[in-house]
Every structure is written in C-alpha cells, then in structure tokens.
Amino acid sequence: MKHFFADLHIHIGRTKSGKPVKITGAKSLTFEHIIQYAKFQKGLDMIGIIDSHSPEVIAEIEEKIMEGHLAPKFGGGLDMDGLTILLGSELEIYDENCQGPVHVLVFFPTLEKMKEFSSWLSRFLKNITLSSQRVYVTGIELQQKVKGMGGLFIPAHIFTPFKSLYGSGVNRSLTEIFQPDLIDAVEIGLSANTYMADSIEELHRYSYLTNSDAHSLAKMAREYQIIEMEEASFDEFKKVLKNQDGRRIVANYGLDPVLGKYHETVCAKCFHPLNKIGEICPVCGSKKGIKGVFSRIKELSNSKTETARPPYIHQVPLEFIPGLGKKTLEKLLSYFSTEMQIIHEVPEEKLKTVIPGKVADYIVAARIGKLLFSVGGGGKYGKIEKRVVGENSK
C-alpha cells in the first residue's frame, strides 16, 4: 500500500478559450494551470476536478488525450505528469423536499461516463457550460442516475450556512432529501472537523472528506487527506471510502474550524459575534444574523458515541502564516520543492536557514497545534494571531 495526498474539490475558473466555468473562480484557474500547480507546487498526488461536465472542459481533456499528454488509467481516472485526476461535477439540488439549495459532488471513472452524464444533465439545467448549476430533478433522482452509471455521490461542504445539506437543505436529517444508502461519503467543509460532525449520529456510517473547494490556485490543498491504497485510481478511491481491503483514509488535514469563514454566528451587516439568530446586534443594531456552523451542529447534535475515525489534523495553509508573503514562499519552494514538504517534512533548523526565524516558528507551531486564532464567521475567515501558545500577548 502507498500513501497519497488528495484534494478532491477543485474548480475550473476559465476554459482554454477563456470562457467562464466557475464564475467566481480565478481566471488563472485553468485545467493546465491546475495540473501544474497541484503537482509541482502543492505536491498533491490525486485531485478531483469538479467542473468536468462542462462541454469545453471535456473537449480540452479529449484534446490532451489525443496529444498524449493525458492518459486514461486502468482503474479509472486520468494520469498527467504522475498526477491522478478524478472527473467530477458539483451540482445544486433544490427540490420540493429541500428547505434550501444543496450542493453535491459526483465523480465518474472515465471520460466516456462523464460525457454520457453531461449529455443527460444538459436536459435538466439551464447552462451546461457553468459550474454548480441547479439541476431540475430531485435529490433522489440524481442519486439514482449517478449510482446507476457507476459514479460516486458525495454531499459537499455539508454544514456551511448557504447551499449545503445541513446548513440550508434540511430541518434535521439527510433522509428528508436523500437515500442514505446511495451516499458514498460526505465532505465536511472548512468550518467544521470530524469531531464536530460525529456529534450527528446519522453521519457515523460515512467516510469524511476534507477538500479545498478551491476557487483559485493558491487555495488548492488548504484542506486535503492522506489516503492509503495500492495505486491512485477511481476504483481504489472507491474502496477507500468503504474502508475495503485495507484501503483507508489515513488522516484528514483541515483548517482549525475557528479559521473557517462560517464558524461563528455573526451579524450579517457588521460581522460582530452574536449569541443566537434574532438577537439585535449591539454594535450596529441590525436584526439580521448568519448562523454559524458551530451553532448549527449544536442544534443537530444527538450522539456522544465515539466513532473510530482517522485523526483530523488542524493544518494551517502557508498563505495564513504571518510574514509569509509571495516572495518568501517562492524562496521556500526553490529550496524545498513543494508545499506539502514545507508543511510536513522540512526540519525547523533547515527552514531557519532560508526564512526569518519567527516565520519558521509559526510553520512549526502550526504542525503541532500551537498557533492561536481569532474566530471566523459570516463569510470572513479567522486569522492567526502573531503569537503562539505559551507566549504572552504584547
């Protein structure tokens, strides 16, 4: 068995011709740039590109296969420069059973299957070229179609206040809109961790994924997982989600939930922390609030049973580290190759030969959970404080 770094929720901002796919995605977030950045800067081994249903994206993939730059893998997925690509799609469900819109991820083993799915999908949404579009079928109908085609069905960022399963889609239970047996895993999102998710009993049966939901190159691998399998392929990943034949998620790496931009309940106008929705903001007087993930999970909590899980390791992306700007990161990468190596492997003394000692201290403190944070909420990320556990504030 081998270990692989995997981030399975990466958007395409623009096609090769410059047309938008994820409208809010960066223009630099093209298929070509994603591959190069994921492999050679981030140090990932497997990625999920979840706008692969878009016809122009499909055409670009076909072109790269014809040119010999991309190769289909025997167990499903594609290979380019030693990086495995899983073909996926993020879609929005808002049927009569939903309380609000819900985003889901679906993955297919081959380009042929994705083309077939894209053709079917085009009958049920308004613009097949764009990402995260609303599909005018029920959640269960979408599940049945995906599973009938040999795909994977995974609710996305399940706790965020907008467009998620528990944040907006249901009152209490996923059974209100989905068939539980047709869910392969759940993605927990940036403002929660596995311990928080496990307070909801109906989630105990599923594997948890931690992905970046990247809308820019820099945001790739801000959350990821290490997975153990024989090789990086669709079929092997499917076994990982079932904990089958020794395949497994070794560890989930994600932001400390307090850094997530929806962790805390806040005023919708000025982002001042609130105790509950409906409370008048003491700062600006607004009555509008945004319920945080922490509060929503507390409402849903119905289990104190400990579940056997891979460790969830609070990992801080390098872009969050105080004093680590673009030039400092470029200098680090010129010495140590990839961000995964810098975050996980490079000894403290070697870091300090390249960058200022204080910045190196922050990187090492992040590895061992010694950083302090201000809490995020309402769409604003939390921040790292410029001191670590054990230091006095100045």
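As the structure is a computational prediction, the values presented were derived from the model and not from experiment.

Remarks on the overall build of the chain
Now for step 1: Along its length, the chain carries 12 helices and 17 strands.
Now for step 2: In summary, the chain has a C-alpha radius of gyration of 21 Å against a globular reference of 21 Å for 394 residues, a match within 12%.
Now for step 3: Taken over the C-alpha atoms alone, the chain extends approximately 60 × 50 × 45 Å along its principal axes.
Now for step 4: Within the chain, buried positions represent 56% of all 394 residues.
Now for step 5: A sequence separation of at least 24 residues applies to 68% of the contacts in the chain between residues at least 6 apart.
Now for step 6: For the chain, the accessible surface area stands at approximately 16800 Å², while carbon and sulfur atoms represent 51% of it.

Focus on the layout of surface pockets
Now for step 1: By volume, the largest pocket amounts to about 560 Å³.
Now for step 2: Around the largest pocket, the lining is made up of 25 residues, and of these His157, Asp213, His215, Lys261 and Tyr262 lie nearest the centre.
Now for step 3: Empty space within the second largest pocket amounts to approximately 330 Å³.
Now for step 4: At the level of secondary structure, the elements contributing two or more residues to the lining of the second largest pocket comprise β10 (207-209), α7 (234-241) and β12 (248-254).
Now for step 5: Considering every element that reaches the lining of the second largest pocket, the biggest residue donor is β12, with three residues.
Now for step 6: Its residues placed into classes, the lining of the second largest pocket shows nine nonpolar, four polar and seven charged.

Remarks on the packing of helix α2 (residues 55-67) against helix α3 (residues 111-121)
Now for step 1: Across the interface, α2 lies against α3 with an axial gap of 11 Å and an inter-helix angle of 160°. As far as their axial angle goes, α3 and α2 are roughly antiparallel. You can see that α2 and α3 cross each other, and the crossing is left-handed. Between α2 and α3, the contacting residues are Ile58, Ile61, Glu62 and Ile65 on the first element and Leu111, Met114, Lys115 and Ser118 on the second.
Now for step 2: Taken together, the residues of the contact of α2 with α3 sort by class into five nonpolar, one polar and two charged.

Some details on the pairing of strand β2 (residues 46-49)
Now for step 1: Neither face of β2 is open: one carries Met46 and Gly48, the other Ile47 and Ile49, and all of them are buried.
Now for step 2: Two elements, strand β1 (residues 2-10) and β2, share three bridges in a ladder whose sense is parallel. Across the sheet, aspartate 7 pairs through a bridge with isoleucine 47, a residue of β2.
Now for step 3: Tracing the backbone out of β1, into helix α1 (residues 31-42) and back to the parallel element β2 gives a crossover that is right-handed.

Digging into α7
An α-helical turn contains 3.6 residues, so any two residues separated by three or four positions project in the same direction.
Now for step 1: Phe234, Glu236, Phe237, Val240 and Leu241 are the residues of α7 that are buried. One side of α7 holds all its buried residues, which, seen down the axis, span an arc of 160°.
Now for step 2: With its phi angle positive at about 50°, asparagine 243 sits one or two positions after the end of α7.

Here is what the cut-offs are and how they apply
- Residues numbered from 1 in each chain as written.
- Predicted model: local features only at pLDDT ≥ 70, side-chain atom pairs only at ≥ 80, totals over all residues.
- Heavy atoms only, no water.
- Helix = DSSP H or I, 4+ residues; strand = E, 2+ residues; numbered from the N terminus.
- Rg over C-alpha atoms; globule rule 2.2 N^0.38 Å.
- Buried < 20%, exposed > 50% of the residue type's maximum accessible area, 1.4 Å probe, protein only.
- Contact = heavy atoms within 4.5 Å.
- Areas by Shrake-Rupley, 256 points an atom, 1.4 Å probe, with all protein chains shown as cover.
- 1 Å grid on protein atoms, 1.4 Å probe; cavity = no way out; pocket = protein on both sides within 12 Å on 5 of 7 lines; lining within 4 Å.
- Points joined across faces, edges and corners; volume = space filled by probe spheres on them.
- Nonpolar A, V, L, I, M, F, W, Y, C, P; charged D, E, K, R; others polar.
- Axes fitted to C-alpha atoms, helices over the stretch in contact; angles between N-to-C directions.
- Parallel < 35°, antiparallel > 145°, perpendicular 65-115°, else oblique.
- Left-handed = near helix turned anticlockwise from the far one by under 90°.
- Pairing = 2+ DSSP bridges.
- Right-handed = clockwise from strand over helix to strand, strands pointing away.
- Arc of directions from axis to C-beta.

The values reported here are purely geometric and, on their own, carry no functional implication.
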